[in-house]
Amino acid sequence: MTKKNWTHLFPDSILEKGEDYADNGAVKDLKIQNDRISAVVSGNYDYRVTIELKDGFPDSLRCSCPYAVEGNYCKHMAAVLFKAEERKDGAGSRDELEEIVKEMPREKLNAWALEVIRNHEELANDFLVRFSPKISDALMKKLKKEADDIFDEFGSEYVDYMEADVFFADIDHFLDERVETLVSEGHYMDAFELSLYVFFALSDSEEYVDSDMEGSYDRCMDIWKEIVGACSDMEKKAIRERLLKIAKKDSTDEYLQDLISNFIEEELWSEEENREALKKLDREIDIGIQNGGKPPTGSSYGSLGVMMMDRILLMERLSMAPKEIADYERAHISYKEVRDHYKWKLELGKDWEGLIPLLEEDKGGAARDYDLESIARELVKAYHETGNREKELENRVLLFLHSSYNSLEEFREIKNLCPKEKWESSRGELIAHVRDGKTRCEILAEEGLQEELYREIMKDNDMDFIHTYGPFLSGKYDREILQRYEKYLDAYAADSRSRYAYSVLISCLYRLQQYKGGKALARKLAKEWMAAYPTRKLLVSEMENYLKKNKEIEIAEDGTLF
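Residues numbered from 1 in each chain as written. Predicted model: local features only at pLDDT ≥ 70, side-chain atom pairs only at ≥ 80, totals over all residues. Heavy atoms only, no water.

Undergrad: Go over the overall build of the protein, please, and point to the residues and values.
TA: The number of helices and strands found in the protein is 28 helices and 4 strands. Whereas a compact globule of 562 residues would reach a radius of gyration of roughly 24 Å, the protein reaches 33 Å, over 25% beyond that. Overall size of the protein, expressed as C-alpha extent along the three principal axes, is 95 × 75 × 45 Å. Looking at the protein as a whole, 41% of its 562 residues qualify as buried. Within the protein, contacts between residues separated by at least 24 positions form 56% of all contacts whose residues are at least 6 apart in sequence. Total accessible area on the protein stands at roughly 32,200 Å², and carbon and sulfur atoms take up 48% of it. Both charge centroids of the protein, one from 82 positive and one from 118 negative side chains, sit 4 Å from each other. (Helix = DSSP H or I, 4+ residues; strand = E, 2+ residues; numbered from the N terminus. Rg over C-alpha atoms; globule rule 2.2 N^0.38 Å. Buried < 20%, exposed > 50% of the residue type's maximum accessible area, 1.4 Å probe, protein only. Contact = heavy atoms within 4.5 Å. Areas by Shrake-Rupley, 256 points an atom, 1.4 Å probe, with all protein chains shown as cover. Lys, Arg positive; Asp, Glu negative; His and termini not counted. Charge placed at Lys NZ, Arg CZ, Asp CG, Glu CD.)

Shown next, in the form of C-alpha cells:
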C-alpha cells in the first residue's frame, strides 16, 4: 500500500485533518495483520477504525464516527492510513529483512523471536495456534478471553448501533485468524469449541445490537460445516452429541435451537435418518392434500408448500437424480414455495426459456404493485439475456410504472430500447409517474424540456434545485432565475454573520454569472450589502475582493441592470 493508491479516496480537507490527527498522536492501538488494519482514533470521542486491504489497496473502510456511518470516508480513516504508511516506511525493505535473517545466528534469532512473542499476547496466541501440535486448555482459555475482549470493548451490555459494523468486522476477523487457522491446522474439535463459544456470545449481545445477527450466526455454522466435512467419524459423532444436548436444553434460546436443529438435520443425519424423515414427510403431505391443502393437525408446518420444500431438500440431501427432483417440483408447481424454488433453480442454471413462461403466468395473476414490480424485474433480466428487445422494453416500462422509486438510469434504459419515432409520445407517461422531485428534474434536464423543468424547480422554494438545474434554463429563463436569486440572497445576507455564510454568498454571486445580466446583478448586490452592513468587516472585505476580481459590468439590452 502506498499513498498514491489511497489518497484520492479523500477530499483534500479530510486528508489534511487526517494527517494532523496522525501527526498529533491521535491514532492508538494500531494493528496491521496481513490485509487488515485496525486502530482507535481519539477526537471528541474515541472512534474505532477497521480497514480491509485487497491487493494492497484499501477495499473496505469502516469507522464508528457519525460522518462515516452516513457512508463517507472520514478523517479518522485517513489518520489510520497515514500511520500505517509511516510504520511501513520505517520497517525497512523486505530484501533487507531477508538478508539480516539469513545472516543472523539461529540461537540469537530464536532468543529475539521468543522475547518478542512473550511480550505480545496476541502475537503469542497467533504463534501457538499456528504451530502447537495440541491446543492446551490454557491456550483455549486465552483464545476465549480474546473473543471476550471484543465484546467487552464494544460494551458488555450495549453495543452502539453506530459501532455495529466495526463490531461485526472484528468478529469476522477473529473467526478468520483464530478459528479458521485451527481448522487449517487440523485442530477440528478445538475450532468447533471456539466457534461455538462465539456463537453463544453473539446471542448474549443480540438484544443490545441494533443490527442483523444472521450473518454472524451463518458464518459460525459455515465453519461447523467445514469441520464436519474434514473431521473423523468419531469427531463428527462427538459434535452431533454436543449440539443435540444444547438443542434440547430448556435454557437455549428458541431461535438458536432451530438453527442448531436444522444444522444437525442438514449436516449430521445419516442416510437412514434422512430416508425415514422422507417417508414420514410423505405421509404428512398426503394427509395435507386430502385435507384440502392444510397441514395435518398438530404439524409444526405453516403450509403444505413448506412441507414440500423440506421434501425437496431431503431429496437433494440424499443425492437423488436431478430429473426425479425436477419432476417432483413440476408436479407441485402450484404451491408458491415450490414454484419460487423451481424458478430460482431455472435462473441459476440460466434456463431462460423455461423461466419466462412461469414469470409471464405469475405476471397475469399479480394483484399488488409490489408483486408486479418484482416479477417485471425478473422478466427484464430474462428477456435481456435472450435478446428479446421488444419484450424487455415492455417489462421495463411496466417496472417503471409500478415501482415506488424511479431512477434516471432506468429512464435511459427505456429510451435506449424505445424506437425513436415513438419516444416523444411515450416519455410523458413515464415522467408523470416519477414521484421524486430530484429524479424528475434530472430527467427533464436530460430531455431538454425547459418549460416543464422551469415549472418544477420554481414550484417549491428550494434553492438547491435552482443551483443544480438553473443552468439548463439559461438563455430562456435568465430574468426569472435572477429574480429568485436576488430575493433569496438579500434575505440570506441579512442573517449572515459567519465566514461560512459569506463564502456561500460569494459562491452564489459566481453562480449568477452563468445567466445573462448575472454579472451586473452580482456587482449590484455586493455593493448594496457593503452599504447595508458596514459594521460587518469580514463581509465588506469579502465583497471588496469579489468586486476587484470581477470588474466587468454586464449591461442589459435596454441599458439597465437587472
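Undergrad: Go over the sheet that holds strand E4 (residues 57-63), please, and point to the residues and values.
TA: Read across the open sheet, the 4 strands follow the order E1-E2-E3-E4; overall the sheet is antiparallel. Because the sheet does not close on itself, it has two edges, and the strands there are strand E1 (27-33) and E4. Strand after strand, the sheet turns through a mean of 15° between neighbouring axes, direction not considered. Inspection of the sheet shows E1 paired to strand E2 (residues 36-42) by 5 bridges, in the antiparallel sense. (Pairing = 2+ DSSP bridges. Axes fitted to C-alpha atoms, helices over the stretch in contact; angles between N-to-C directions.)

Undergrad: Can you explain helix H21 (residues 420-433)? Please cite residues and give values.
TA: Between its terminal C-alpha atoms H21 stretches 21 Å, which fits the 20 Å expected from 14 residues at 1.5 Å a residue. The largest bend along H21 measures about 40° and falls at Ser-426. If you check which residues of H21 are buried, you get Trp-423, Arg-427, Leu-430, Ile-431 and His-433. Buried-residue contacts for H21 involve helix H19 (389-402), helix H20 (408-417) and helix H22 (437-447). (Expected span 1.5 Å × (residues − 1). Bend = angle between axes of the 7 residues up to and from the residue.)

Undergrad: Quick rundown of unusual backbone geometry? Include the residues and the values.
TA: The phi angle at Asp-29 is positive, at roughly 50°, despite the residue not being glycine. Mapping Asp-29 onto the fold places it in strand E1. By relative accessible area, Asp-29 is classed as partly exposed at 45%. Residues other than glycine seldom take positive phi values, yet Lys-350 does so here, at roughly 55°. Tracing the backbone through its elements, the reader meets Lys-350 in the loop between helix H16 (336-348) and helix H17 (352-365). On the basis of relative accessible area, Lys-350 is assigned to the exposed category, the value being 61%.

Undergrad: Give me the confidence of the model for the protein: which residues, what numbers.
TA: As a general rule, the predicted coordinates of low-pLDDT regions are not to be interpreted in detail. Here the protein shows a mean pLDDT of 89. Residues at 70 or above account for 93%. Considering only residues more than four positions removed or in separate chains, one finds that residues 554-562, a stretch of pLDDT under 50, has 18 contacts. (pLDDT = per-residue confidence, 0-100.)

Undergrad: Explain the side chain of Arg-48 to me, using residue names and the numbers behind them.
TA: You can see Arg-48 is positioned in strand E3 (residues 46-54). Polar side-chain contacts of Arg-48 include one of 2.5 Å to the side chain of Asp-170. Those residues within four positions of Arg-48 in sequence are excluded, and the remaining contacts are Ala-39, Val-40, Arg-62, Cys-63, Ser-64, Glu-153, Phe-154, Val-166 and Asp-170. (Polar contact = N/O pair within 3.5 Å; in protein donor to acceptor, adjacent residues only side chain to side chain.)

Undergrad: Talk me through the packing of aromatic side chains; I want residue IDs and the actual numbers.
TA: The full count for this structure, using the stated rule, is 20 aromatic pairs. Geometrically, the ring pair formed by Phe-10 and Tyr-73 is tilted, given 5.8 Å between the ring centres and 50° between the ring planes. Here Phe-10 is found in the segment before helix H1 (12-23), whereas its partner Tyr-73 is found in the loop between helix H2 (66-69) and helix H3 (75-89), with 63 residues between them in sequence. Phe-10 sits in the buried class, given a relative accessible area of 5%. Looking at Tyr-73, the relative accessible area reads 31%, which means it is partly exposed. Arranged with centres 5.2 Å apart and planes meeting at 65°, the rings of Phe-411 and Trp-423 form a pair that is edge-to-face. Of this pair, Phe-411 sits in helix H20 while Trp-423 is found in helix H21, placing the two residues 12 residues apart along the sequence. Counting every residue linked through ring pairs, the aromatic cluster contains Phe-192, Phe-199, Phe-200, Tyr-217, Trp-224, Tyr-255 and Phe-263. Here the guanidinium or amino end of Arg-311 rests over the ring plane of Tyr-328, the centre of that ring lying 4.6 Å away. If you follow Arg-536 out to its NZ or CZ, it ends over the ring of Tyr-533, 4.0 Å from the centre. (Phe/Tyr/Trp six-rings, centres within 6.5 Å; stacked < 30°, edge-to-face > 60°. Lys NZ or Arg CZ within 6 Å of the ring centre and 35° of its normal.)

Undergrad: Describe the layout of surface pockets, listing the residues and the values that go with them.
TA: Each pocket or cavity is described by its volume, and for the largest pocket that value is around 1,400 Å³. Lining the largest pocket are 41 residues, and of these Ile-32, Gln-33, His-120, Leu-123 and Asp-126 sit closest to its centre. Taken together, the elements giving at least two residues each to the lining of the largest pocket come down to E1, E2, H3, helix H4 (94-103), helix H5 (106-118), helix H6 (121-131), helix H7 (137-153) and helix H8 (164-184). For the lining of the largest pocket, the element with the highest residue contribution is H6, accounting for 8 residues. (1 Å grid on protein atoms, 1.4 Å probe; cavity = no way out; pocket = protein on both sides within 12 Å on 5 of 7 lines; lining within 4 Å. Points joined across faces, edges and corners; volume = space filled by probe spheres on them.)

Undergrad: Any chance you could break down the pattern of salt bridges for me, citing the residues and the numbers?
TA: Summed over all chains, the structure comprises 46 salt bridges. Ionic pairing is found between Asp-340 and Lys-343, a salt bridge with its closest N-O pair at 3.7 Å. Here Lys-343 and Asp-340 lie together in helix H16, a separation of 3 residues that amounts to about one turn. The exposure class of Asp-340 is partly exposed, given its relative accessible area of 32%. By relative accessible area, which is 8% here, Lys-343 ends up buried. (Salt bridge = Lys/Arg side-chain N within 4 Å of Asp/Glu carboxyl O.)

Undergrad: So what's going on with the packing of H19 against H21? Which residues, and what values?
TA: Following both chains from N to C, one finds H19 and H21 inclined at 30°, their axes separated by 9 Å at the closest point. By the criterion of interaxial angle, the relationship of H19 to H21 is roughly parallel. As for how H19 packs across H21, the hand of that crossing is left-handed. Counting all contacts with H19, which are made through Val-397, Phe-400, Leu-401 and His-402, the residues of H21 involved are Glu-429, Leu-430 and His-433. Classifying every residue of the contact of H19 with H21 by side-chain character gives 4 nonpolar, 2 polar and 1 charged. (Parallel < 35°, antiparallel > 145°, perpendicular 65-115°, else oblique. Left-handed = near helix turned anticlockwise from the far one by under 90°. Nonpolar A, V, L, I, M, F, W, Y, C, P; charged D, E, K, R; others polar.)

Undergrad: Can you lay out the nonpolar core for me, pointing to particular residues and giving the numbers?
TA: Counting residues in each nonpolar core, the largest one holds 50 residues, and the members touching the most others are Ile-457, Leu-509, Leu-512, Trp-529 and Met-543. Examining the composition of this core, we find that 7 residues originate from one element, helix H26 (residues 499-512), more than from any other. The residues contacting Met-543, other than those within four sequence positions of it, are Leu-505, Ile-506, Leu-509, Ala-526, Trp-529 and Met-530. Listed in part, the 47 residues of the second largest apolar core include Leu-143, Phe-151, Leu-196 and Leu-256. (Core = buried A, V, L, I, M, F, W, Y, C linked by side-chain atoms within 4.5 Å.)

Undergrad: Go over a negative patch on the surface with me, naming the residues and quoting the values.
TA: On the surface, Asp-12, Glu-16, Glu-19, Asp-20 and Asp-23 cluster together to form a negatively charged patch. As for its placement among the helices and strands, Glu-19 is situated in helix H1. (Patch = residues over 30% accessible without salt bridge, like charges linked within 9 Å, V, L, I, M, F, W, Y side chains within 5 Å.)

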